[in-house]
Amino acid sequence: MIIDRTGGTRRLGYRAAAGVFAVGMAGTTLPTPLYGLYRTQLGFSELMVTVVFAVYALGVITVLLLAGNVSDEVGRRPVLLCALGLSAASALCFVFEGGLPMLLLGRVLSGFAAGLFSGAATAAVLELAGPGQEAHAGFAATAANMGGLGCGPLLSGLLAQYAPWPLVLPFLVHLLLVAGAAGVTWFLPETVGHPHRPRKLRPQGLRLPPEVRGVFTPSAVAAFAGFSLLGLFTAVAPSFVGETLGVRNLAVSGLIVFTVFLGSTAGQSLTERIGVRRALPGGCLVLVVGLLLVATSLAMTSLPLLVIGAVCGGVGQGLAFRAGLTAVGRAAPPEHRGGTISAFFLVAYLGISLPVVGVGALTLVLGLRGAGLAFSGCVIVLAVAVGLYVLLHPPADED
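Caption draft 1: Local environment of the overall build of the chain. Each helix and strand counted, the chain has 14 helices and zero strands in total. In terms of overall dimensions, the chain is globule-like: its C-alpha atoms have a radius of gyration of 20 Å, near the 21 Å expected for 399 residues. Based on the C-alpha atoms only, the size of the chain along its principal axes is roughly 55 × 50 × 35 Å. Within the chain, counting contacts between residues at least 6 apart in sequence, those at least 24 apart form 87% of the total. Accessible area of the chain: about 14,900 Å², with a carbon and sulfur share of 70%. Positive and negative side-chain charges of the chain, numbering 22 and 15 respectively, have mean locations separated by a distance of 2 Å.

Caption draft 2: Inspection of unusual backbone geometry at higher detail. In this model, W165 sits at a positive phi of 55 degrees, which is unusual for a non-glycine residue. Locating W165 in the fold gives a position in the loop between α7 (134-162) and α8 (169-186). Positive phi, close to 55 degrees, is recorded for T301, a residue that is not glycine. Inspection of the secondary structure assignment puts T301 in the loop between α12 (276-300) and α13 (303-331).

Caption draft 3: Region of interest: the nonpolar core. If you look at the biggest cluster of nonpolar residues, it comprises 122 residues, and the most contacted ones within it are Y38, F117, F216, F233, F344 and Y349. Ranked by residue count, the leading element in this core is helix α14 (residues 337-392), at 19 residues.

Caption draft 4: Here's a closer look at a nonpolar patch on the surface. A contiguous nonpolar surface patch, about 390 Å² in accessible area, is contributed by L362, L364, V365 and L366. Relative to the assigned elements, L364 resides in helix α14. Of the residues examined, L364 reaches a relative accessible area of 59% and is grouped as exposed.

Caption draft 5: Quick peek at the environment of L105. Position of L105 among the secondary structure elements: in helix α6 (residues 100-127). What makes L105 partly exposed here is its relative accessible area of 39%. Along the backbone, L105 and T185 are 80 residues apart, and their C-alpha atoms lie at a distance of 25 Å.

Caption draft 6: Spatial organisation of the side chain of E190. Relative to the helices and strands, E190 resides in the loop between α8 and α9 (213-235). For the buried E190, no salt bridge exists, and the shortest N-O distance to an oppositely charged side chain is 4.3 Å, to R77. Among the polar contacts listed, one links the side chain of E190 to the backbone nitrogen of R77, at a separation of 3.1 Å. Within the local environment of E190, its side chain forms a polar contact with the backbone nitrogen of V192, the two atoms lying 3.0 Å apart.

Caption draft 7: The arrangement of the environment of L58 in detail. Within the secondary structure, L58 sits in helix α3 (residues 46-67). Along the backbone, L58 and S264 are 206 residues apart, and their C-alpha atoms lie at a distance of 23 Å.

Caption draft 8: Expanded view of the pattern of salt bridges. On inspection of all chains with the given rule, the structure shows four salt bridges. Between E272 and R330 there is a salt bridge, with the nearest N and O atoms lying 3.8 Å from each other. Of the two residues, E272 is situated in helix α11 (residues 250-274) and R330 in helix α13; the sequence distance between them amounts to 58 residues. Through salt bridges with shared partners, a single ionic network connects D72, R76 and E127.

Caption draft 9: Region of interest: the packing of α3 against α9. α9 packs onto α3 with a crossing angle of 125 degrees between their chain directions and a minimal axis gap of 10 Å. When the axis of α3 is compared with that of α9, the two are oblique. Every pair of crossing elements has a handedness; the one defined by α3 and α9 is right-handed. Here α3 contributes E46, V49 and F53 to the contact with α9, which in turn contributes G231, T234 and A235. By residue class, the composition of the contact of α3 with α9 is three nonpolar, two polar and one charged.

Caption draft 10: Expanded view of the confidence of the model for the chain. Taken over all residues, the pLDDT of the chain has a mean of 85, while the share at 70 or more is 93%. Confidence scores differ between elements of the chain, with helix α10 (residues 237-244) showing the lowest mean pLDDT of 77 and α8 the highest of 97.

Caption draft 11: Structural context of α14. A rise of 1.5 Å per residue sets the reference length of α14, with its 56 residues, at 82 Å; its end C-alpha atoms lie only 27 Å apart and thus fall more than 12% short of the reference. In α14, a bend of some 125 degrees at L366 exceeds every other bend along the element.

Caption draft 12: Spatial organisation of the packing of aromatic side chains. According to the stated counting rule, one finds nine aromatic pairs in the structure shown. Centroid distance Y38 to F94: 6.2 Å. Interplanar angle 55 degrees. Geometry classified as tilted. With Y38 in helix α2 (residues 35-42) and F94 in helix α5 (residues 76-95), this pair connects stretches of sequence that are 56 residues apart. An identical accessibility class is assigned to Y38 and F94; each is buried. An aromatic cluster of three or more residues is present, and its members are Y56, F227, F321, F344, F345 and Y349.

Caption draft 13: Local environment of α6. Compared with an ideal rise of 1.5 Å per residue, which puts 28 residues at 40 Å, α6 spans 40 Å between its outermost C-alpha atoms and is within 8% of the ideal. At F117, α6 shows its largest bend, some 35 degrees. Across the 28 residues of α6, 20 count as buried, placing the element largely inside the fold.

So, how was this worked out
- Residues numbered from 1 in each chain as written.
- Predicted model: local features only at pLDDT ≥ 70, side-chain atom pairs only at ≥ 80, totals over all residues.
- Heavy atoms only, no water.
- Helix = DSSP H or I, 4+ residues; strand = E, 2+ residues; numbered from the N terminus.
- Rg over C-alpha atoms; globule rule 2.2 N^0.38 Å.
- Contact = heavy atoms within 4.5 Å.
- Areas by Shrake-Rupley, 256 points an atom, 1.4 Å probe, with all protein chains shown as cover.
- Lys, Arg positive; Asp, Glu negative; His and termini not counted.
- Charge placed at Lys NZ, Arg CZ, Asp CG, Glu CD.
- Core = buried A, V, L, I, M, F, W, Y, C linked by side-chain atoms within 4.5 Å.
- Buried < 20%, exposed > 50% of the residue type's maximum accessible area, 1.4 Å probe, protein only.
- Patch = residues over 30% accessible without salt bridge, like charges linked within 9 Å, V, L, I, M, F, W, Y side chains within 5 Å.
- Salt bridge = Lys/Arg side-chain N within 4 Å of Asp/Glu carboxyl O.
- Polar contact = N/O pair within 3.5 Å; in protein donor to acceptor, adjacent residues only side chain to side chain.
- Axes fitted to C-alpha atoms, helices over the stretch in contact; angles between N-to-C directions.
- Parallel < 35°, antiparallel > 145°, perpendicular 65-115°, else oblique.
- Left-handed = near helix turned anticlockwise from the far one by under 90°.
- Nonpolar A, V, L, I, M, F, W, Y, C, P; charged D, E, K, R; others polar.
- pLDDT = per-residue confidence, 0-100.
- Expected span 1.5 Å × (residues − 1).
- Bend = angle between axes of the 7 residues up to and from the residue.
- Phe/Tyr/Trp six-rings, centres within 6.5 Å; stacked < 30°, edge-to-face > 60°.

See the structure below:
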């Protein structure tokens, strides 16, 4: 049951909730431009970089499996406050980092936070929208997610390059942002009617309401393909920029990662006017073009092509991601919305983790460039298959 509130309160609420969402997600990508510094300091390989990244995704998936629907029962606000607490704990691990174990712990805690944010914050933003504001809230939710993920590397790259304490200051700044977000969350309206403590924590799995099953598979697999591209950029692109292209400026590395998320946000802004029915296959097509450009940039060692491919691939990911999330969110009944959205993100985060670990392993055999080319080829095949499937089985446009 979702509480009905006046339009003015809800309009204010969904924007504030989107801001909290963005702050939380920014913390999950803060270490991205810093992995080169950690590699120098701790002496681990490119494979270990992808393992550290995958540990984060494992944390996300664990929470989505165990507690993806918990905000449907206890309420959105308590879950958001818990996620912010985990985000703060993760930042403290990096502030007091003393070796690989603390690095891994920080990433796991960050993954736990992201897992809670993904379902609860998305549902909160959608539910705090007033009448006629649903489309704006849908964009706010997905833009906060992708925009927050993109702002993390940009913020840490700038601070690490141009401010003191490169491995500490980005996380101190994020702690301040988390404190502010917690204050905002405290005053957000609760949208779950009669919240209660669950009797026991049980794995959610991928049990979906019957209303969602027809649209869930193509939407989630498209998200899997798109998140694979995001995983490549957040885990491997900074190393490629530094080692293959010889660009050692951390701000530039953070900016390049930011571009793929900027493209994603731009793609999301186009989804509503294109319509869900066309945006899913169209997004897969644009994603394929972006991946081809990324592969070409790896083969030719070209930074401009890498940036263009990042933007193009991000646009495709954003189109498909928002279209899929919109279709799934519309189909889900309110009392199961948080759990259904969490299941959608669970599949997406499998895409951001499993292929990236494969890339890390391939670097030991093929090198960074060869592994990137192999990865691009695999995701291109997947995106083409999903695009063709969605063309034959399109989700309904419910405008």
